[in-house]
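# Structural overview for review
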Amino acid sequence: MGQKNLLERDSAVIWHPFTQSGIEQPMLEVARAKGASLFLSSGQEVLDGISSWWCNLHGHGHPAIIAAATKQLETLDHVLFAGCTHEPAVELAEQLLPSLPGDLTKVFYSDNGSTAVEVALKMAIQWWFNRGQERNTIIALEDSYHGDTFGAMAAGARGLFTKPFDQMLFDVRRISTAGSNSDLEQLESLCSSGTVAAFIFEPLVQGAGGMLMYDAVALNRYVDICKKYGVLCIADEVMTGFGRTGPLFASSVLTQAPDLICLSKGLTNGSVPLAVTACSEDIFQGFIANDYSRTFFHGHTFTGNPVAAAIALASLSISLSDDCDRARKRINAAHKSCAAILRDIPRVSSARVTGTILAFDIIDTDNKGYISSIKNTAMKFFLQHGILLRPLGNIVYCMPPYCTTDAELGRMHEWMVNFAKNL
Ligand code: PLP
């Protein structure tokens, strides 16, 4: 029997995420990556137009990230984070906290966006519990996505992804991003009931919900109402963090800063898993006691992994550089020019840009949302032209690494326009 190729070996042993193996196209065999490019084992170069699930900010194989990882692996690879500490975890918290909006003073590490959200939700509920108040209601935005673990799923919108579990998910009250008078009244009445623990939101852009962009006016009003009644505000910046929407953190546009911020994805430039839930001193102090009754009994094996923290430090330093700021502005300007062209194409609606994210809807009469056939048609088309894009159903978006050159970006824009025109 001849040797099996990688795809045959893959389909024999691998279950891929968000994938219906019964119908989807074969996997791409990615051999290596550099900068904004993925190199397939066929030799084809493919531009990573979605930053490898929104996390590869500064490009693949970045020398500073490789150097930080190598040095840290040689020094301390991993140690449990209960009862132990180490330089990279402390330094990362020291450097990250001052760059976050508001006055957050403590960092709790976990592994991914979903766990960052779980931690924030659990902290909020237990913070009230420790004060002797049973506040169990969570408020979230319509169309939100906060991850795939149970608490994160509960906070996210219900639909195709959550259907088998809906009966098991705790109830969440929802408001729209529109900020209408009725939204404001509803929120005020919920918050004044004294039962709400926290309000969780993706600031400025709701990613998986369809790259839905909204301005800060309504969100500011919502946060003001929450603050008035002591409801904790959780900014889920898992996708928006580290400059994606323009400012370093999207929630910095708010007049009142959040009490908790969730980070992951760009935190390590997507090189290794790591997440942060940052919180205010007031929240941290709510867990301090002379016995174990108020303890936050939560943790993950890889919490505060030193290699991940060292990589995150390297990535943060690049994110904070003037070069990176200029690159983000350059991408934003080019996206805006492309959106102007897209707006004139009949099959396109809502061409929109926030920061380095460009998105548009392909008008789809079938209205099938995430499982619209447009997704696979588009992926195939873009791949033929050397670009990796992964539309959310009929919503096409581009979220490239900040190192993407003008020529590379021009290619992505050209083929997006071409796709929309020739559908
Ligand atoms: N929160 C937001 C806003 C996200 O966009 C995502 C993932 O896309 C998550 C949480 C979950 O992150 P992860 O996939 O790392 O669990």
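Residues numbered from 1 in each chain as written. Predicted model: local features only at pLDDT ≥ 70, side-chain atom pairs only at ≥ 80, totals over all residues. Heavy atoms only, no water.

## Some thoughts on the pattern of salt bridges
This structure, assessed with the given rule, holds 8 salt bridges. Close ionic contact of Asp259 with Lys227 constitutes a salt bridge, the shortest N to O distance being 3.2 Å. Here Asp259, found in the loop between β10 (232–236) and β11 (260–263), pairs with Lys227, found in helix α8 (residues 216–228); they are 32 residues apart in sequence, far enough to count as distant. A relative accessible area of 14% places Asp259 in the buried class. (Salt bridge = Lys/Arg side-chain N within 4 Å of Asp/Glu carboxyl O. Helix = DSSP H or I, 4+ residues; strand = E, 2+ residues; numbered from the N terminus. Buried < 20%, exposed > 50% of the residue type's maximum accessible area, 1.4 Å probe, protein only.)

## Comments concerning the site of the ligand
Lining the immediate environment of the ligand, one finds Trp54, Asn112, Gly113, Ser114, Tyr145, His146, Gly147, Glu202, Asp236, Val238, Met239 and Lys265. Contacts to the ligand include Asn112, whose side-chain N or O atom sits 3.4 Å from an oxygen atom. Contact distances for the ligand include 3.2 Å between an oxygen atom and a side-chain N or O atom of Lys265. Within the complex, 84% of the 390 Å² of free accessible area of the ligand lies under protein. Considered class by class, the residues forming the shell around the ligand number 4 nonpolar, 5 polar and 3 charged. (Near = heavy atom within 4 Å. Polar contact = N/O pair within 3.5 Å; in protein donor to acceptor, adjacent residues only side chain to side chain. Areas by Shrake-Rupley, 256 points an atom, 1.4 Å probe, with all protein chains shown as cover. Nonpolar A, V, L, I, M, F, W, Y, C, P; charged D, E, K, R; others polar.)

## Section: unusual backbone geometry
The phi torsion of most residues other than glycine is negative, and most of the peptide bonds are trans. With a phi angle near 50°, Ser51 is a residue other than glycine that sits in the positive phi range. Structurally, the position occupied by Ser51 is in helix α2 (residues 51–54). Looking at Ser51, the relative accessible area reads 0%, which means it is buried. The phi dihedral of Asn269 falls on the positive side, at around 60°, and the residue is not glycine. Along the chain, Asn269 turns up in the loop between β11 and β12 (275–280). Asn269 sits in the buried class, given a relative accessible area of 1%.

## Remarks on the sheet that holds strand β2 (residues 37–40)
Taken in spatial order, the 4 strands line up as β1-β2-β3-β15 in an open sheet, and their pairing is mixed. Each edge of the sheet is formed by a strand with only one pairing partner; in this case those strands are β1 (30–34) and β15 (387–388). Sheet topology note: the β1/β2 ladder contains 4 bridges and is antiparallel. In the sheet register, Lys34 faces β2, and the bridge partner there is Ser37. (Pairing = 2+ DSSP bridges.)

## Quick notes on the nonpolar core
If you look at soluble globular proteins, the nonpolar side chains tend to sit buried side by side. Ranked by size, the top nonpolar core spans 47 residues in total, and within it Phe199 and Phe201 carry the most contacts. Among the elements that take part in this core, α8 stands out by supplying 6 residues, more than any other. Phe199 has contacts with Ile139, Ala140, Leu141, Ile175, Leu219, Tyr222, Val223, Cys226, Val231, Leu232, Cys233 and Ile234, leaving out every residue within four places of it along the chain. Membership of the second largest hydrophobic core comes to 44 residues, among which are Met211, Ala216, Phe360 and Phe382. (Core = buried A, V, L, I, M, F, W, Y, C linked by side-chain atoms within 4.5 Å. Contact = heavy atoms within 4.5 Å.)

## Brief notes about the side chain of Asp236
Among the secondary structure elements, Asp236 is positioned in strand β10. One buried charge, Asp236, has no salt-bridge partner; the nearest side chain with opposite charge is Lys265, at 9.0 Å. In terms of polar contacts, Asp236 uses its side chain to reach the backbone amide nitrogen of Val238, at 3.0 Å. Not counting residues up to four positions away in its chain, the partners in contact with Asp236 are Val117, Tyr145, His146, Ile200, Phe201, Glu202, Pro203 and Cys262. (Lys, Arg positive; Asp, Glu negative; His and termini not counted.)

## Focus on the packing of helix α11 (residues 322–342) against helix α13 (residues 406–422)
Close contact between α11 and α13 brings their axes to 10 Å; oriented N to C, the two are set at 20°. Comparing their axes, α13 and α11 come out roughly parallel. In terms of crossing hand, the pair formed by α11 and α13 is right-handed. Here α11 contributes Arg330, Ile331, Ala334, His335, Cys338, Ile341 and Leu342 to the contact with α13, which in turn contributes Asp406, Leu409, His413, Met416, Val417 and Ala420. Looking at side-chain class alone, the contact of α11 with α13 contains 9 nonpolar, 2 polar and 2 charged residues. (Axes fitted to C-alpha atoms, helices over the stretch in contact; angles between N-to-C directions. Parallel < 35°, antiparallel > 145°, perpendicular 65-115°, else oblique. Left-handed = near helix turned anticlockwise from the far one by under 90°.)

## So, the environment of Ala93
Examined against the element boundaries, Ala93 turns out to sit in helix α4 (residues 87–99). Ala93 gets classed as buried once you look at its relative accessible area, which sits at 15%.

## Overview of α13
Along its 17 residues, α13 runs 24 Å from first to last C-alpha, staying within 8% of the 24 Å computed at 1.5 Å per residue. Among the residues of α13, Glu408, Leu409, Met412, His413, Met416, Val417, Phe419 and Ala420 are the ones counted as buried. Angular distribution of buried residues about the axis of α13 spans 170°; they occupy a single face of the element. Exposed and oriented more than 90 degrees from the buried face of α13 are Ala407, Lys421 and Asn422. (Expected span 1.5 Å × (residues − 1). Arc of directions from axis to C-beta.)

## Some words on the state of the cysteines
Overall, the coordinates contain 0 disulfides when judged by the stated rule. No disulfide involves Cys226; its nearest neighbouring cysteine sulfur is the one of Cys191, lying 4.1 Å away. Residue classification places Cys226 among the buried residues on the basis of a relative accessible area of 0%. Looking at Cys233, it has no disulfide partner, and the nearest cysteine sulfur is the one in Cys226, 4.4 Å off. (Disulfide = S-S within 2.5 Å.)

## Focus on the packing of aromatic side chains
Under the defined criterion, the tally for this structure stands at 17 aromatic pairs. Judged by centre distance (6.0 Å) and plane angle (80°), the ring pair of Phe18 and Trp53 falls under edge-to-face. With Phe18 in the loop between α1 (6–13) and β1 and Trp53 in helix α2, the pair connects residues that are 35 residues apart, well separated along the chain. Given a relative accessible area of 31%, Phe18 falls into the partly exposed group. Centroid distance Trp127 to Trp128: 4.8 Å. Interplanar angle 75°. Geometry classified as edge-to-face. In this pair, the class of Trp127 matches that of Trp128, namely buried. Taken together, the aromatic side chains of Phe18, Trp53, Phe161 and Tyr370 make up a single cluster linked through ring pairs. (Phe/Tyr/Trp six-rings, centres within 6.5 Å; stacked < 30°, edge-to-face > 60°.)

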